[in-house]
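Given next are the chains, with one letter for each unit.
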Amino acid sequence: MIQFEHVFKRYPERGEALTNISFEMKVGEMAFLTGPSGAGKSTLLRLIGLLERPTRGDIVVNGRNLATLPRDRIPYHRRDVGMIFQDHRLLPDRSVFDNVALPLVVTGLGHKEVGRRVRAALDQVGLLKRERAIPVALSGGEQQRVGIARAVVGRPPVLLADEPTGNLDPDLSKEIFQLFERFQYVGVTLLIATHDLALVKSMHYRTFSLGEGRLVNDTRGW
Amino acid sequence: MLKPHSRRRRLPKLAEQFQIWLGQHVQNALATLGRLFDTPVPTGMTVAVIGISLAFPAALYVVADNLRTMAGNWDQTAAISLFLRHDVADEAATPLADQLRKWPEIARVDIISRDSALNEFRALGGFEEALEQLKNNPLPVVLAIYPQAAFALPAQLETLQNKLLRLQEADFARMDTVWLQRFQAILDLIQTGVVLLGGLLGMGVLLIVGNTIRLEILNRRIEIEIMELVGATSAFIRRPFLYAGAWYGLLGGLTAWLLVTLALILLQGSVSRLASLYRSEFPLAGLGVSETLIVLSGSIALGLIGSWIAVERHLHGTEPN
Ligand SMILES: Nc1ncnc2c1ncn2[C@@H]1O[C@H](COP(=O)(O)OP(=O)(O)O)[C@@H](O)[C@H]1O
Ligand SMILES: [Mg+2]
């Protein structure tokens, strides 16, 4: 589902952020991406979502070779890759409902179908009753769950999360990770960047370790 | 739990795609208009500036149009007044007029007999005493000569005048066209003014709309970024800004039309009073249907182009950096 072959990413100002990364994830696989700050975790996720292009190497996601994907196909690729961020990236002046609906609205889906799917997604993250609230009225954990609902509402086959629990206490983090596990059960491929090593260890999933832009470890879960 | 879609998403059928496309457009256009009315003060100001800018050339056009109509009415006055020699009597004028009517250059000849000229003179008032002193009528017979439309150009009129003066009965002739020529020149000048002013103020409208849309894009940076993140096409992101530009244009055009029409209503009173002094009526012509359509489609086009420029310069689409 996600395939990296000798991928390099160089920033002109900062040098190499990723060096010779190769790995493969199967459909429905869930994996963690760990490493110290500045190791290149966010960069790797941004390459998968085509927020950036690699300097060298091939990336194939969901059967698409991202190196040759023309610019006007990028939006369609992004619809297949749900992305979750540490800072949620919600629209502060829109309701929970409108935030979650955004990925559907941009595809031109009809009102009724949007409503149905948004409520299904909100139900999954336990926020069905807060659809009229605006993000600032929610707790950090709730805001993150809105972000998750927005990422999954279009039912993408790939879900990426960049330190989704960075600002949350351990109990809430655990809840969020259990939510991710449920997506994995239904066949979503998940890659989650985190530095919460204790939690990673307790969950026994495949774990990639990055160090200074290199893939230093790839431990199988069981 | 919702299942993810299969490996590659099914592309919708063409008819389905068209329906989605049309639905998005209608919804987008209305939503954009709603957004404009959500902030009535800045929207109103932008629309007013556009309206006033467009009202200037439109008003000048209306002025030129009315002057042309006015000149059209005056065209019917005789182009050449041929004064006959004093010894030519009223009776002799009739066969001469018949003869002249056969000339190909001439459309119509009216005889102003000595008596009728005198009566007209009396009717003007103020000359009664002077006229009483005269033993006989000092006025000559005058032939009012109206040329054929095809011979009404200044050079041809001069040829005609010379030809008329060679007549035995002719004393002198007066052409009534010099002022008409000047008037035509003024009309041409105003028309050039309409084009120049329209061009300049049209550029102004482009800049106003462009700048308004630019600010709107900057205001919505975060929203645009997030929409790109969740898979909005660049066309989808651009659309509301282009619609906003078109709406600004349309509302500005309607404002311009309203301003010109109001100005005409206010002016009609004084124009009617002026016309009545000349014992005539002069209804002012406003912007007709086709002119109104030109103003509106022009203003929409300006709004669209202005927003297009802003969108091209400030939205770079979903290209990863
Ligand atoms: N947009 C960018 N421009 C320049 N350098 C960047 C950019 N993004 C990341 N980097 C650099 O790439 C390296 C990896 O960063 P990042 O992927 O954010 O690491 P992590 O997410 O693991 O903390 C860092 O040295 C960072 O400074
Ligand atoms: Mg990071």
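Anything mentioned here points back to the structure above.
Residues numbered from 1 in each chain as written. Chains lettered and ligands numbered in written order. Predicted model: local features only at pLDDT ≥ 70, side-chain atom pairs only at ≥ 80, totals over all residues. Heavy atoms only, no water.

**Student:** Sorry, what's going on with the overall build of chain A here?
**Tutor:** Secondary structure assignment for chain A yields seven helices and ten strands. On C-alpha atoms alone, chain A measures out to a radius of gyration of 17 Å, which is about the 17 Å that the 2.2 N^0.38 rule sets for 222 residues. Projected onto its principal axes, the C-alpha positions of chain A cover 45 × 40 × 35 Å. Sorting the 222 residues of chain A into buried and exposed places 59% on the buried side. Put simply, 67% of the contacts in chain A that link residues at least 6 apart link residues at least 24 apart. Accessible surface, chain A: about 9,600 Å² in total, of which carbon and sulfur atoms supply 50%. One way to put it: in chain A the 31 positive side-chain charges average out to a point 5 Å from where the 25 negative ones average out. (Helix = DSSP H or I, 4+ residues; strand = E, 2+ residues; numbered from the N terminus. Rg over C-alpha atoms; globule rule 2.2 N^0.38 Å. Buried < 20%, exposed > 50% of the residue type's maximum accessible area, 1.4 Å probe, protein only. Contact = heavy atoms within 4.5 Å. Areas by Shrake-Rupley, 256 points an atom, 1.4 Å probe, with all protein chains shown as cover. Lys, Arg positive; Asp, Glu negative; His and termini not counted. Charge placed at Lys NZ, Arg CZ, Asp CG, Glu CD.)

**Student:** Any chance you could explain the overall build of chain B here in plain terms?
**Tutor:** Scanning chain B from N- to C-terminus turns up ten helices and four strands. Each helix (α) and strand (β) of chain B, taken in turn from the N terminus, gives the series α-α-β-α-β-α-α-β-α-β-α-α-α-α. The buried share among the 321 residues of chain B stands at 39%. Of all intrachain contacts in chain B linking residues separated by at least 6 positions in sequence, the fraction that spans at least 24 positions is 83%. Of the roughly 19,100 Å² that chain B leaves accessible, carbon and sulfur atoms contribute 65%.

**Student:** For this particular structure, what's the right way to read the site of ligand 1?
**Tutor:** Residues and elements named next belong to chain A. Inspection of the region around ligand 1 gives 13 residues, with Gly38, Gly40, Lys41, Ser42 and Thr43 positioned closest. Arginine 14 places a side-chain nitrogen or oxygen 3.3 Å from an oxygen atom of ligand 1. Separating a nitrogen atom of ligand 1 from a side-chain N or O atom of arginine 46 is a distance of 3.1 Å. Here ligand 1 loses 72% of its free accessible area of 570 Å² to cover by the protein chains. If you tally residues by element for the shell around ligand 1, the top one is helix H1 (residues 41-48), at four residues. Within the shell around ligand 1, the residues separate by chemical class into four nonpolar, five polar and four charged. (Near = heavy atom within 4 Å. Polar contact = N/O pair within 3.5 Å; in protein donor to acceptor, adjacent residues only side chain to side chain. Nonpolar A, V, L, I, M, F, W, Y, C, P; charged D, E, K, R; others polar.)

**Student:** Could you clarify how one ought to interpret the interface of chain A and chain B in this entry?
**Tutor:** Where the parts come together, the accessible area they lose is often given as the size of the interface. Every contact between the two is made by 43 residues of chain A and, on the other side, 29 residues of chain B. Carbon and sulfur atoms supply 57% of the area that chain A and chain B bury against each other, a total of about 3,300 Å² over both sides. Three residues stand out in chain A for area buried against chain B, namely Arg71, Arg155 and Val186 of chain A, and they jointly supply 19% of the buried area on that side. Linking chain A to chain B there are one salt bridge. The partner of arginine 94 of chain A in a salt bridge is glutamate 223 of chain B, and the shortest N-O contact between them spans 2.5 Å. At the junction of chain A and chain B, the tally comes to three residue pairs in polar contact (both at pLDDT 80 or more). Per element, the largest residue contribution to the side of chain A that touches chain B is five residues, and it comes from helix H2 (residues 74-79) of chain A. (Buried area = accessible area lost by both parts, 1.4 Å probe. Salt bridge = Lys/Arg side-chain N within 4 Å of Asp/Glu carboxyl O.)

**Student:** Would you explain unusual backbone geometry in this entry?
**Tutor:** Comment: phi is negative for the bulk of residues other than glycine, and the bulk of peptide bonds are trans. Residue and element names in this part refer to chain A. A positive phi angle, close to 50°, is found at histidine 6, a residue other than glycine. Position of histidine 6 among the secondary structure elements: in strand E1 (residues 2-11). Using a relative accessible area of 48% as the deciding quantity, one classes histidine 6 as partly exposed.

**Student:** Looking at this structure, I do not really get a nonpolar patch on the surface. What am I missing?
**Tutor:** All names here are of chain B. Together, Phe18, Trp21, Leu22, Val26 and Leu30 make up an exposed nonpolar region whose accessible area comes to about 510 Å². Its place among the elements puts tryptophan 21 in helix H1 (residues 14-38). Classification of tryptophan 21 as partly exposed rests on a relative accessible area of 43%. (Patch = residues over 30% accessible without salt bridge, like charges linked within 9 Å, V, L, I, M, F, W, Y side chains within 5 Å.)

**Student:** Is there a simple way to think about the layout of surface pockets in this case?
**Tutor:** Roughly 800 Å³ of volume is contained in the second largest pocket. In terms of lining, the second largest pocket is formed by 24 residues, of which the most central are Arg94 and Val105 of chain A together with Gln27, Ala31 and Phe236 of chain B. Elements with a minimum of two residues in the lining of the second largest pocket: helix H3 (96-105) and helix H4 (111-124) of chain A together with H1, helix H8 (221-229) and helix H9 (234-277) of chain B. The dominant element in the lining of the second largest pocket, judged by the number of residues it contributes, is H1 of chain B, at eight residues. In terms of residue class, the lining of the second largest pocket is made up of eleven nonpolar, eight polar and five charged. (1 Å grid on protein atoms, 1.4 Å probe; cavity = no way out; pocket = protein on both sides within 12 Å on 5 of 7 lines; lining within 4 Å. Points joined across faces, edges and corners; volume = space filled by probe spheres on them.)

**Student:** Looking at this structure, I do not really get the side chain of arginine 220 of chain B. What am I missing?
**Tutor:** Within the fold, arginine 220 of chain B resides in the loop between helix H7 (178-219) and H8. Among all residues touching arginine 220 of chain B, those that are not within four sequence positions of it are Arg35 and Phe241 of chain B.

**Student:** What should I look at first to understand the packing of H1 of chain B against H9 of chain B in this one?
**Tutor:** Axes are the key here: two packed helices are described by the angle between their axes and the distance separating the axes. Residues and elements named next belong to chain B. At a closest axis distance of 9 Å, the pairing of H1 and H9 adopts a crossing angle of 60°. Viewed along their axes, H1 and H9 adopt a mutual orientation that is oblique. You can see that H1 and H9 cross each other, and the crossing is right-handed. Contacts from Gln24, His25, Asn28, Ala29, Thr32, Leu33 and Leu36 of H1 reach H9 at Phe236, Arg239, Pro240, Tyr243, Ala244, Trp247 and Tyr248. Class assignment for the residues of the contact of H1 with H9 results in nine nonpolar, four polar and one charged. (Axes fitted to C-alpha atoms, helices over the stretch in contact; angles between N-to-C directions. Parallel < 35°, antiparallel > 145°, perpendicular 65-115°, else oblique. Left-handed = near helix turned anticlockwise from the far one by under 90°.)

**Student:** Looking at this structure, how should I read the sheet that holds strand E4 (residues 170-175) of chain B?
**Tutor:** Strands in a sheet are paired, the pairing made by backbone hydrogen bonds, and the direction either parallel or antiparallel. Residue and element names in this part refer to chain B. If you walk across this open sheet you meet the four strands as E2-E3-E1-E4, and the pairing is antiparallel. Looking along the sheet, the strands with just one partner apiece sit at the ends: strand E2 (106-112) and E4. The mean angle between the axes of side-by-side strands here comes to 20°, regardless of whether they run parallel or antiparallel. Of the pairings in the sheet, the one linking strand E1 (residues 80-84) to strand E3 (residues 142-147) comprises four bridges and is antiparallel in character. Each bridged residue has a counterpart across the sheet, and for phenylalanine 83 the counterpart in E3 is valine 142. On top of the sheet, helix H3 (residues 90-101) reaches E1, E2 and E3; it is set at about 170° to E2, its chief contact. (Pairing = 2+ DSSP bridges.)

**Student:** How do you make sense of the pattern of salt bridges when you look at a structure like this?
**Tutor:** A side chain with one charge may pair with a side chain of the opposite charge, provided their charged atoms come close. Across all of its chains, the model carries 23 salt bridges over all chains by this definition. Two residues, glutamate 131 of chain A and arginine 119 of chain A, come together in a salt bridge whose shortest N-O distance is 2.9 Å. Here the residue glutamate 131 of chain A occupies a position in the loop between H4 and helix H5 (140-152), and arginine 119 of chain A occupies one in helix H4, the gap between them amounting to twelve residues. Each of the salt bridges in this network shares a partner with another, and the network as a whole consists of Arg94 of chain A together with Arg35, Glu216, Arg220 and Glu223 of chain B.

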